[in-house]
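Listed here are the chains, written in short residue letters.
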Amino acid sequence: MDKKQPGPKKGAKMNTIVEGTILGIECGWDKTVIPPEQVYELAELGLNNKEIGRFYNVSDATIARNFVAELQKGREMTKIKLRRAMMKNACTNMNAAVQIFLAKAVLGMSEVNNESNEALPWIEGDSNGNKDSNSKVETSEKGE
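As a starting point, this report considers the structure included with it. Worth saying up front: this structure is predicted, and the values here are computed from it rather than measured.

## Some remarks on the environment of E111
- Following the sequence through the fold, E111 ends up in the segment after α5 (96-105).
- Among the polar contacts made by the side chain of E111, one reaches the side chain of K104 at a distance of 3.2 Å.

Below, the structure is given as structure tokens:
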């Protein structure tokens, strides 16, 4: 009888940790190496300084102090991408809600209300607008 020899297991391969080099800036008490390109990418995704600091286990002040340019550029790129997406939705996809928002935000347009803000007079009566003969309408007697 031939017995099959057990071969290597099929499935996920075990990952091994290897030593490597990361190019970046040493930050914090433990000299954590933080790549500026990665800070830029995280800022572009919309993470704030505190969230980026937690990711690298350093303070938000350390991130703000060491990566000013990367944070600014990443956040500006987020704004540019959002503007492009909004313009595409408004102009290409013809989304009316986005068109109205951009007309107000970018063009400074607003809804004009020609009516005054004065209170309407109160007239007592039925739902058809007929005055009730039994009701009294009070008038003010100021200096008259």
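## A short note on the side chain of T32
- Of note, T32 is situated in strand β2 (residues 32-34).
- A distance of 2.7 Å separates a polar atom in the side chain of T32 from a polar atom in the side chain of D30.
- In this structure T32 touches I25, E26, C27, Y56 and V58, once residues within four positions along its chain are discounted.

## A closer look at the packing of aromatic side chains
- Within the structure shown, the criterion is met by 1 aromatic pair.
- Ring centres of F55 and Y56 lie 4.9 Å apart, and the angle between their planes is 85°; this geometry places the pair in the edge-to-face category.
- Judged by its relative accessible area of 9%, Y56 falls in the buried class.
- We note K73 situated over the ring of Y40; from NZ or CZ to the ring centre the distance is 6.0 Å.

Each value, and the rule that gives it
- Residues numbered from 1 in each chain as written.
- Predicted model: local features only at pLDDT ≥ 70, side-chain atom pairs only at ≥ 80, totals over all residues.
- Heavy atoms only, no water.
- Helix = DSSP H or I, 4+ residues; strand = E, 2+ residues; numbered from the N terminus.
- Polar contact = N/O pair within 3.5 Å; in protein donor to acceptor, adjacent residues only side chain to side chain.
- Contact = heavy atoms within 4.5 Å.
- Phe/Tyr/Trp six-rings, centres within 6.5 Å; stacked < 30°, edge-to-face > 60°.
- Buried < 20%, exposed > 50% of the residue type's maximum accessible area, 1.4 Å probe, protein only.
- Lys NZ or Arg CZ within 6 Å of the ring centre and 35° of its normal.

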